[in-house]
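Below are the chains, spelled out letter by letter.
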Amino acid sequence: MTSTSIDTARARPAAGTLARVRTTRLQAIGEPNLWALGGALAFGCVMVVGFLLLVLWNGVTTFWPRPVVVVTTTDGARLAGEPFRSEVYRPGPEVLATLDEATRRRIAAAGGLAGRDLYRTGNFDVYSEDFRWVSDYAVASTAMPSGLMFVERLEWGPFIGTIRGVTVDGRAMPELKDDPRALAAAHDVARARWRQIRHIERDLIGDVNHELEAERLNVRRVALRYGDGTPEHVAALARFAERETALQADYARLAADAQGLKETDGHTQITLAEIGGAEKTINLSAVVRMYPANDLGVAQKLGVYLSRWGEFVSDEPREANTEGGVLPAIFGTFVMTLLLVVVVAPFGVVTALYLREYARQGRLVSIVRISVNNLAGVPSIVYGVFGLGFFAYVLGGGIDSLFFPERLPNPTFGTGGILWAALTLALLTVPVVIVATEEALAAVPRSMREGSLACGASKWQTIRRIVLPRAMPGIMTGVILAMARGAGEVAPLMLVGVVKLAPDLPLDGYFPYFHLERSFMHLGFHIFDVGFQSRNSEAGKPMVFVTTLLLIGLVFAMNISAVVIRNRLKRKFAGSQF
Amino acid sequence: MLRNRTVLAAALAMAVGAPAAAQTLDPALKDYKQISGVSGSIKSIGSDTLNNLMTLWAEGFSRMYPNVKIEIEGKGSSTAPPALVAGTAQFGPMSRPMKGAEIDAFEKKYGYKPSAIRGAVDALAVFVHKDNPIRCLSLPQIDAIFSKTRKGGATKDAATWGDVGLTGEWAAKPISLYGRNSASGTYGYFKEVALFNGDYKDSVKEQPGSSTVVQGVASDKFAMGYSGIGYATADVRAVPLSTKTGEPCAPATSEAAYAGDYPLARYLYIYVNVNPNQPLDPARAEFIRYVYSKQGQQAVIKDGYFPVTQAIADEDLKAKKLM
């Protein structure tokens, strides 16, 4: 019907120069639908792009050093801080009552509204607050004096103030105060010493402790196998005592080294004074970075900016995750996603192969297929509960009592860990892979299979040599989708192994190098933790955006590399087609 | 619960006079001294209120003992007892004392009671928006605001800000309520003390974390919510509270908490599985000692809570045979 009316519409112009009159309803041509479809697409694009821009803008600007403003209030008090945000509000009558007549009149003239700014004042150890609101009417003057330092410390958050004095190796060196380059050099020396202390404490003493723990577990294992007081146990105890003495001696030596360095470190200090004059003396090595906030050129600002990013992606978190970096979380997310792919890809593909190629298509297969599709719709937290109950408690508990009885009652696999998290997410994403693989297999032309079979290949040979390679790009697409979903999932992970603070990466230098039982940190959970669990939610907000940016970046990078691999495969098989 | 409060006040008063300001430590607290041969792994599961504090302690402790592995999970106080019973955690931080049933479950498995150490003092704060002019609230008023049963003796339900004495634009505005979820110890403590064991109103928006309560109040001008004082930000204000209507209100400061004037002052506990017949393993024993050291209590201040005194430390350390 539609085609005939269009034909007549097309024939019409031949009738003369009359204005074109549409006889077909717009509905029939589909024009309004076209607009609706296009509009929907545009709306979707705007939403996605807007979201990305929001995250990008907030994430990218967070680390840019801001100026420090000194505000003198009308009552003579002074405060120094980074302006954080401002808002307009309506002061209540009880606030207005405390103000003088002129201010009241000014506020009334502005429609009863007044502005106020939130300043990040830092110096939490001095003020016991680190943010403060200042109303515009209470401000006598603002200034951005030079010489004000923004000092990021290992503890207590930032300090905003001036340098009063510097002591290097026990000698007061007041000249360093005005010589940023020499101060930076002294700071580098102190930081290098701090890193050395950390290396001794973490790596070298860590080795000793690790060995000691291994020996202790060994004795316990012997005791469990042969019984307490048996000759084997006595021999093991003797061996342990011997090893322990040697290791304790190592430990004492290393601890003395570290202690010596710490003492030296304590002689290099910096004295800072906040705007009100209160002084604070800290070790120079406890300063992460400092800069004169109002005297920076663009290049120096860029330097601070990059150095902050560098710390963020390569360091460990400090101060209950509110400062420092997120390296363990990046690593945890990455390793978990890789594990997830390693598990989900073969499982999904094998299942789909059987369903599509071998199973007799009937009621049973339909039921299985419907079940698989339904699995994709189950809320992810349900998988978390299953993962905790089945993987961690049942499977992990079993593994523990079979293989790690010497560590009980401390669970090894019997609690959340990166392996269980990856398996849980694999379960969650396997429907995606199955469905995509089935589609890809179905899309391989029947003629190719028949050709192969006609040449005398067996069914398995046909699948392996002909079907699978051609289906590979489609399968890869499924795996990529599964990976993207898995990397961004947080809810089930909270039950099966993600923790706020996991000091150890799942991969390290101790045998067996890859510790699948360990809990781990995850960028998604880190976002939740920093934004909604940290003491100071105000300071946490910008970090939420930075971490989100990083998570999106990580997922993007993994997806891109998977797409590149898929395209390689495609090209490889494109050449060998008939 | 009143009894608990008096105990807290008495114990704190026993110390060398209550500390002068919020930010000072009891000078009697000792510096932490490292010992050798401490290693192992510690897992802590429990309170969300104590989550950051445990993390700060863990960070400080692993600076002393680089090879003690500490993992921290904080989803609510009610998750601590099951984890201790199952042995999945060695420490169970809780923002309320364990209930009888929880202690029984533990005792049934191990044959002895779990030990509690009191790591910090918290003034459970009732937060309002920073522009809110309210000056003082009594516990019966709080009860009338948050509870539908009003066991505190208030005769009338308080649904609007006018019901608790505000005028002008506030008078007609309903109070928007924020609270914690039921797994939280803060929820339990608030219910017991401020609601006199009554029931919460259905309109209380239950939040998964203490910080979310504060963020909720910060973004809602007519809101009221409760959470640990450590989560206070510049956008909210803790309302001074009194026990009975008409009494002078005490602010949520350390002085008022120590003196017992602030009605919602409480200890924050860490529960540990200590077999009374065996010495505690070095990692856990040292962690407890660290909590009670000058460094440990400094971390308490850093997290916004109030430090305990040496007197409390002595009492708990003796009970654990660590002194």
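What you are looking at is a predicted structure, and each value in this text was computed from that prediction instead of being measured. (Residues numbered from 1 in each chain as written. Chains lettered and ligands numbered in written order. Predicted model: local features only at pLDDT ≥ 70, side-chain atom pairs only at ≥ 80, totals over all residues.)

1. Some thoughts on the overall build of chain B
Rule in force here: The secondary structure listing takes helices from DSSP runs of H or I that are at least 4 residues long and strands from runs of E that are at least 2 residues long, numbered from the N terminus. Throughout, a residue-residue contact means that the two C-beta atoms, derived from backbone geometry, are no farther apart than 7 Å.
In terms of helices and strands, chain B carries eleven helices and twelve strands. Oriented by its inertia axes, the alpha-carbon framework of chain B measures out at about 65 × 40 × 35 Å. Long-range pairs, those at least 24 residues apart, make up 73% of the contacts in chain B between residues at least 6 apart in sequence.

2. A look at the overall build of chain A
Test applied: Note that the radius of gyration is over C-alpha atoms, with the globule rule given as 2.2 Å times the number of residues to the power 0.38. Whether a residue is buried, exposed or partly exposed follows from its count of other C-beta atoms within 10 Å of its own C-beta, namely 20 or more, 12 or fewer, or something in between, respectively; the C-beta atoms are built from the backbone.
Helices and strands together make up the secondary structure of chain A, namely 17 helices and 13 strands. Here chain A has a C-alpha radius of gyration of 33 Å; the compact-globule value for 578 residues is 25 Å, and the former is much larger. Considered along the principal axes of its C-alpha atoms, chain A spans approximately 100 × 90 × 50 Å. The buried share of chain A, taken over its 578 residues, is 33%.

3. Some words on the domain arrangement of chain B
Residue and element names in this part refer to chain B. Basically, it comes down to this: By convention here, the domain bounds are inherited from an automatic or database domain assignment. Note on residue categories: nonpolar means Ala, Val, Leu, Ile, Met, Phe, Trp, Tyr, Cys or Pro, charged means Asp, Glu, Lys or Arg, and polar means any other residue, Gly included.
Partitioning chain B into structural domains gives domain 1 (2-122 + 267-319) and domain 2 (125-263). Domain 1 and domain 2 are separated by 27 Å when their C-alpha centres are compared. Listed by contribution, the elements that provide at least two residues to the side of domain 1 that touches domain 2 are α1 (2-14) and β4 (115-123). Here the element with the most residues in the side of domain 1 that touches domain 2 is α1; it accounts for five residues. When the residues that make up the side of domain 1 that touches domain 2 are grouped by side-chain class, the tally is ten nonpolar, nine polar and six charged.

4. Some points on the packing of helix α12 (residues 380-403) of chain A against helix α13 (residues 418-442) of chain A
Residues and elements named next belong to chain A. For the record, the criterion: Helix axes use the C-alpha atoms of the stretch in contact, all axes being lines fitted to C-alpha atoms, and the angles between their N-to-C directions lie in the range 0 to 180 degrees. The cut-offs work like this: below 35 degrees is roughly parallel, past 145 is roughly antiparallel, 65 to 115 is roughly perpendicular, and the gaps in between are oblique. Crossing chirality is assigned from the near helix's rotation relative to the far helix, an anticlockwise turn below a right angle marking it left-handed and a clockwise turn marking it right-handed.
Where α12 contacts α13, the axes come no closer than 9 Å and their chain directions differ by 135°. Classified by the angle their axes make, α12 and α13 are oblique. The two elements α12 and α13 cross, and the hand of that crossing is right-handed. Residues Ser-380, Tyr-383, Gly-384, Gly-387, Phe-391, Ala-392 and Gly-396 of α12 form the contact with α13, whose participating residues are Trp-420, Leu-423, Thr-424, Leu-427 and Leu-428. Class assignment of the residues belonging to the contact of α12 with α13 gives a composition of seven nonpolar, five polar and no charged.

5. Comments concerning unusual backbone geometry
Apart from glycine, the bulk of residues carry a negative phi angle, and the bulk of peptide bonds sit in the trans form. In this structure, Trp-156 of chain A is a non-glycine residue whose phi angle is positive, near 70°. Checked against the element boundaries, Trp-156 of chain A lands in the loop between β6 (149-153) and β7 (159-168). Accessibility expressed as a C-beta count within 10 Å gives 20 for Trp-156 of chain A, which makes it buried. Of note, Arg-150 of chain B is a non-glycine position whose phi angle comes to about 50°, a positive value. Tracing the backbone shows Arg-150 of chain B in the loop between α5 (139-146) and β7 (176-180).

6. Notes on the sheet that holds strand β3 (residues 114-120) of chain A
Residues and elements named next belong to chain A. We count it as follows: Following DSSP output, two strands are said to pair if at least two bridges run between them.
In spatial order, the strands read β4-β3-β2-β1-β5; together these five strands make up an open sheet with antiparallel pairing. Edge positions in the open sheet fall to β4 (131-135) and β5 (139-143), since each of these has one partner strand only. Put simply, the sheet's adjacent strands are angled 40° from each other on average, direction ignored. By the bridge criterion, five bridges tie β3 to β4 in an arrangement that is antiparallel. Each residue of the ladder has a partner; that of Leu-118, found in β4, is Trp-133.

7. Describing the interface of chain A and chain B
Residue-level contacts link 44 residues of chain A with 41 residues of chain B. At the level of secondary structure, the elements contributing two or more residues to the side of chain A that touches chain B comprise α4 (93-96), β4, α7 (180-226), α8 (231-266) and α17 (537-574) of chain A. Of the residues forming the side of chain A that touches chain B, the biggest block, eight residues, is contributed by α7 of chain A. Here the residues of the side of chain A that touches chain B are counted per class, giving 19 nonpolar, 14 polar and eleven charged.

8. With respect to the nonpolar core
Test applied: For this analysis, nonpolar core means a set of buried Ala, Val, Leu, Ile, Met, Phe, Trp, Tyr and Cys residues linked through C-beta atoms within 7 Å.
Counting 161 residues, the largest nonpolar core has Ala-422 and Val-433 of chain A together with Ala-125 and Val-126 of chain B as its most contacted members. It is α13 of chain A that contributes the most residues to this core, 17 residues altogether. Ignoring any residue separated from it by four or fewer positions in sequence, one finds Val-126 of chain B in contact with Leu-137, Ile-142, Met-224, Tyr-226, Ala-238, Val-239 and Leu-241 of chain B. Within the second largest apolar cluster, 32 residues are counted, among which are Tyr-119, Phe-131, Ile-197 and Ile-270 of chain A.

9. As for the packing of helix α2 (residues 51-64) of chain B against helix α9 (residues 282-291) of chain B
Residue and element names in this part refer to chain B. Where α2 meets α9, the axes come as close as 10 Å, and the angle between the chain directions of the two elements is 120°. Crossing of α2 against α9: the hand is right-handed. Taking contact as the criterion, the partners of Trp-57, Gly-60, Phe-61 and Met-64 in α2 are, on α9, Phe-287, Tyr-290 and Val-291. Across the contact of α2 with α9, the residue classes tally to six nonpolar, one polar and no charged.

10. Notes on the confidence of the model for chain B
Residues and elements named next belong to chain B. The cut-off we apply is this: The quantity known as pLDDT measures the predictor's confidence residue by residue, on a range of 0 to 100.
In this model, chain B carries a mean pLDDT of 83, and residues with pLDDT of at least 70 account for 92%. Across chain B, element-level confidence peaks in strand β5 (residues 125-129) with a mean pLDDT of 93 and bottoms out in α1 with 45. Low pLDDT (under 50) marks residues 1-7, which in the prediction has five contacts with non-local residues, meaning those over four places away or in another chain. Confidence drops under pLDDT 50 across residues 9-22; counting only partners more than four residues distant or on other chains, this segment forms 26 contacts. Scored by ipTM, the complex comes to 0.77, with pTM at 0.82.

11. Looking at α5 of chain B
Judged by how many residues are buried, α5 of chain B sits mostly within the fold: eight of eight residues are covered. Summarising the contacts, the buried residues of α5 of chain B are in contact with β5, β6 (137-138), β7, β9 (223-227) and β11 (241-242) of chain B.

12. A look at the environment of Val-344 of chain A
Residue and element names in this part refer to chain A. For Val-344, the location among the structural elements is in helix α10 (residues 327-358). On the basis of neighbour count, Val-344 is assigned to the buried category, with 27 C-beta atoms found within 10 Å. With 86 residues separating them along the chain, Val-344 and Val-430 place their C-alpha atoms 5.8 Å apart. Not counting chain neighbours up to four residues away, the residues in contact with Val-344 comprise Ala-426, Thr-429, Val-430, Val-433 and Ala-482.

13. Section: the sheet that holds β5 of chain B
Residue and element names in this part refer to chain B. Spatially, the five strands line up as an open sheet ordered β8-β7-β9-β5-β10, and their pairing is mixed. Among the strands making up the open sheet, the edge pair consists of β8 (205-207) and β10 (236-238). If you compare each strand with its neighbour and ignore which way they point, the axes differ by 30° on average. With respect to the sheet, helix α7 (residues 210-218) is in contact with β5, β7, β8, β9 and β10, its orientation differing from that of β9 by roughly 160°.

14. Some thoughts on the environment of Pro-93 of chain B
Residues and elements named next belong to chain B. Looking at the secondary structure, you find Pro-93 in strand β3 (residues 91-94). Assessed through the 29 C-beta atoms surrounding it within 10 Å, Pro-93 is described here as buried. Separated by 24 residues in sequence, Pro-93 and Ile-117 place their C-alpha atoms 9.2 Å apart. Not counting residues within four places of it along the chain, the set of residues in contact with Pro-93 comprises Ser-44, Gly-46, Ser-47, Leu-50, Met-54, Ala-80 and Ile-270.

15. Quick notes on the environment of Arg-96 of chain B
Residue and element names in this part refer to chain B. Take Arg-96: it is sitting in the loop between β3 and α4 (100-110). Each C-alpha atom of the pair Arg-96 and Gly-185 lies 5.1 Å from the other, and the pair is 89 residues apart in sequence. Excluding residues that lie within four positions of it along the chain, Arg-96 makes contacts with Ser-77, Gly-185, Gly-188 and Tyr-189.

16. Section: the confidence of the model for chain A
All names here are of chain A. Within chain A, residue pLDDT values average 86, and 95% of them lie at 70 or more. Counting interchain partners and residues more than four positions distant, the pLDDT-below-50 stretch residues 1-9 has nine contacts. For residues 11-16, every residue scores under 50 in pLDDT, and the model assigns this stretch two contacts once sequence neighbours within four places are set aside.

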